[in-house]
Amino acid sequence: MAGVRCSTGGTARGGSQFLPHQPDRQRDQQRRSDRFQTLKHRVTQGHDHFDHQEGEPLLASLTPLGHYSECRSGYCGACKTKLISGEVRYLTPPMAYTRSGEILPCCCTPISDLELAPTAQD
Ligand code: FES
């Protein structure tokens, strides 16, 4: 079935995907929000592999694996982890000291697939 073109340039099919008129800025914010809700990145740490949703603190996925943390807000450095490959984005500025290649999972989120250094248990 051919889509129906609406006045804002969107497409409606069966009436379920029709987007009402929104100012461009509001529509762009919605698209950005949708992007973060759907993007998942593969994270590998030793023998563990999991998918992590972009926009959520990385620690949320590491805690069930036994990753140690204290403040959960970037101050203490207890969650410090060595990043072998990949990129992260900080959700809040980290206050604890980190060396090159180290990240604070409590306040960052992956923006690509990640490989983390194995823990002592691996
Ligand atoms: S738990 Fe304190 S810096 Fe991450």
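Our subject is the structure that appears above.
Residues numbered from 1 in each chain as written. Predicted model: local features only at pLDDT ≥ 70, side-chain atom pairs only at ≥ 80, totals over all residues. Heavy atoms only, no water.

> Even after reading the chapter, I still don't get the overall build of the protein chain, so can you show me in this structure?
Of regular secondary structure, the protein chain possesses 2 helices and 9 strands. Shown N-terminal to C-terminal, the secondary structure of the protein chain runs as helices and strands in the order β-β-α-β-β-α-β-β-β-β-β. Going through the 122 residues of the protein chain one by one, you find that 30% of them count as buried. Counting contacts in the protein chain only where the partners sit at least 6 residues apart, residues at least 24 apart contribute 45% of the total. Surface summary for the protein chain: the accessible area is close to 8,000 Å², and the carbon and sulfur share equals 49%. (Helix = DSSP H or I, 4+ residues; strand = E, 2+ residues; numbered from the N terminus. Buried < 20%, exposed > 50% of the residue type's maximum accessible area, 1.4 Å probe, protein only. Contact = heavy atoms within 4.5 Å. Areas by Shrake-Rupley, 256 points an atom, 1.4 Å probe, with all protein chains shown as cover.)

> What should I look at first to understand the nonpolar core in this one?
Inside soluble globular proteins, nonpolar side chains tend to come together where they are buried. By size, the foremost hydrophobic cluster in this structure holds 16 residues, and its most contacted members are Val43, Leu58, Leu62, Ile103, Leu114 and Leu116. Elements with a minimum of two residues in this core: α2 (59–62) and β9 (114–116). In contact with Leu114, not counting residues within four places along its chain, are Arg42, Val43, Thr44, Leu58, Leu83, Ser85, Gly86, Glu87 and Val88. (Core = buried A, V, L, I, M, F, W, Y, C linked by side-chain atoms within 4.5 Å.)

> Would you mind showing me how to read the pairing of strand β5 (residues 81–85) here?
Within a regular strand, side chains alternate between the sheet's two faces. As paired strands, β5 and strand β7 (residues 102–103) are joined by 2 bridges and run antiparallel to one another. Bridge pairing in β7 places Thr81 opposite Ile103. Alignment of β5 against β9, held across 2 bridges, turns out to be antiparallel. The residue of β9 that forms the bridge with Leu83 is Leu116. (Pairing = 2+ DSSP bridges.)

> Honestly, the pattern of salt bridges in this entry has me stumped. Any pointers?
Oppositely charged side chains are able to pair whenever their charged atoms sit close together. A complete count under the given rule lists 1 salt bridge for this structure. Here Arg42 ties to Asp51 by a salt bridge, and the two come within 3.3 Å at their closest N and O atoms. Taking relative accessible area as the criterion, Arg42 reaches 38% and is therefore assigned partly exposed. (Salt bridge = Lys/Arg side-chain N within 4 Å of Asp/Glu carboxyl O.)

> How should the sheet that holds β9 be read in this particular structure?
The strands making up a sheet associate through hydrogen bonds between their backbones, and the pairing can be parallel or antiparallel. Here we have 5 strands laid out as an open sheet, ordered β4-β3-β9-β5-β7, and mixed in their pairing. Both edges of this open sheet fall to β4 (48–53) and β7, since each of them pairs with a single strand only. With 6 bridges connecting them, strand β3 (residues 40–45) and β4 associate as antiparallel partners. What sits directly across from Thr44, in β4, is His49.

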